[in-house]
Amino acid sequence: MYRYLQGLRIALLALVCACAMFAQRDLGTLTGTVTDSTGGVVANAKVTVTEQGTGVVYELTTNNAGEFTRPALKPSTYNISVSAAGFKTSQQKDIVLKAGDRTGVNITLTIGDVGQTVEVT
């Protein structure tokens, strides 16, 4: 019985250490909500996250609550572009993401032609 308890303690210690190491990851998360000019959420909007340094592009779609989340991004500077039918494309540039951060970026779309772009700096 003693050996069983000792083995259980070692297993639990290993599990705790593994969780602590996972928490120390050097990645961050970009999250946000896309709304229209009246504050209503915009579902199924196309969100494009681009890393400035490498040009790597991540494409997302907002959920029914107008929310998007892109986890596991390396620390860098990002640009976000959002487009939806009946709205002007909106861009937010120079978003700095640090290791372990969960950075919120809320974007408001204005009604207009999809070919038009609103840039927020």
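Whatever comes next refers back to the structure up there.
Fair warning: this is a prediction, and the values are worked out from it, not measured in the lab.

Some points on the overall build of the protein
Right, so step 1: Counting secondary structure elements, the protein contains one helix and nine strands.
Right, so step 2: Its helices and strands taken in sequence order, the protein reads α-β-β-β-β-β-β-β-β-β from the N to the C terminus.
Right, so step 3: Buried residues in the protein amount to 29% of all 121 residues.
Right, so step 4: Taking the contacts inside the protein whose residues are at least 6 apart along the sequence as the reference set, 59% of them involve residues at least 24 apart.
Right, so step 5: In the form shown here, the protein has an accessible surface area of approximately 7,600 Å², with 55% of it arising from carbon and sulfur atoms.

A word on the pairing of strand 3 (residues 57–61)
Right, so step 1: Taking every second residue as pointing to the same face, the buried face of strand 3 carries Y58 and L60, while none of V57, E59 and T61 on the other face is buried.
Right, so step 2: One ladder, built from five bridges, connects strand 2 (residues 46–51) with strand 3; its direction is antiparallel. The residue bridging K46 from the neighbouring strand is T61, located in strand 3.
Right, so step 3: The antiparallel pairing of strand 2 with strand 3 creates a hairpin that spans five residues between the two strands, and G55 there sits at a positive phi of about 80°.

Quick look at the environment of K46
Right, so step 1: You can see K46 is positioned in strand 2.
Right, so step 2: The class of K46 is partly exposed, set by a relative accessible area of 39%.
Right, so step 3: For the pair K46 and L60, spaced 14 residues apart in sequence, the C-alpha separation works out to 6.0 Å.
Right, so step 4: Excluding anything up to four places from it in sequence, K46 contacts E59, L60, S81, V82 and S83.

Description of the nonpolar core
Right, so step 1: With 20 residues, the main nonpolar core has L30, V34, V47, V49, I80, V82 and L109 as its most contacted residues.
Right, so step 2: Mapped by element, the contributors of at least two residues to this core are strand 1 (28–36), strand 2, strand 3, strand 4 (67–73), strand 5 (76–83), strand 6 (89–97) and strand 8 (107–109).
Right, so step 3: If you tally residues by element for this core, the top one is strand 5, at three residues.
Right, so step 4: Those residues in contact with V47, other than ones at most four positions away along the chain, are V34, Y58, E59, L60, T62, F68, I80, S81 and V82.

As for the pattern of salt bridges
Right, so step 1: This model, assessed by the stated rule, comprises two salt bridges.
Right, so step 2: Note that E59 and K46 form a salt bridge whose closest N and O atoms lie 3.8 Å from each other. One end of the pair, E59, is in strand 3; the other, K46, is in strand 2, with 13 residues separating them in the sequence.
Right, so step 3: Residue E59 is classed as exposed on the basis of its relative accessible area of 56%.

Quick word on the side chain of T31
Right, so step 1: Positionally, T31 belongs in strand 1.
Right, so step 2: Judged by relative accessible area, which is 15%, T31 ranks as buried.
Right, so step 3: When sequence neighbours within four positions are dropped, the list of residues in contact with T31 reads F68, T69, R102, T103, G104 and V105.

A word on the environment of D36
Right, so step 1: Note on placement: D36 falls in strand 1.
Right, so step 2: As for D36 and G66, which are separated by 30 residues in sequence, their C-alpha atoms are 9.8 Å apart.
Right, so step 3: Excluding anything up to four places from it in sequence, D36 contacts V42, F87, T108 and L109.
Right, so step 4: Only 2.8 Å separates the side chain of D36 from the side chain of T38, close enough to count as a polar contact.

So, how was this worked out
Residues numbered from 1 in each chain as written. Predicted model: local features only at pLDDT ≥ 70, side-chain atom pairs only at ≥ 80, totals over all residues. Heavy atoms only, no water. Helix = DSSP H or I, 4+ residues; strand = E, 2+ residues; numbered from the N terminus. Buried < 20%, exposed > 50% of the residue type's maximum accessible area, 1.4 Å probe, protein only. Contact = heavy atoms within 4.5 Å. Areas by Shrake-Rupley, 256 points an atom, 1.4 Å probe, with all protein chains shown as cover. Pairing = 2+ DSSP bridges. Core = buried A, V, L, I, M, F, W, Y, C linked by side-chain atoms within 4.5 Å. Salt bridge = Lys/Arg side-chain N within 4 Å of Asp/Glu carboxyl O. Polar contact = N/O pair within 3.5 Å; in protein donor to acceptor, adjacent residues only side chain to side chain.

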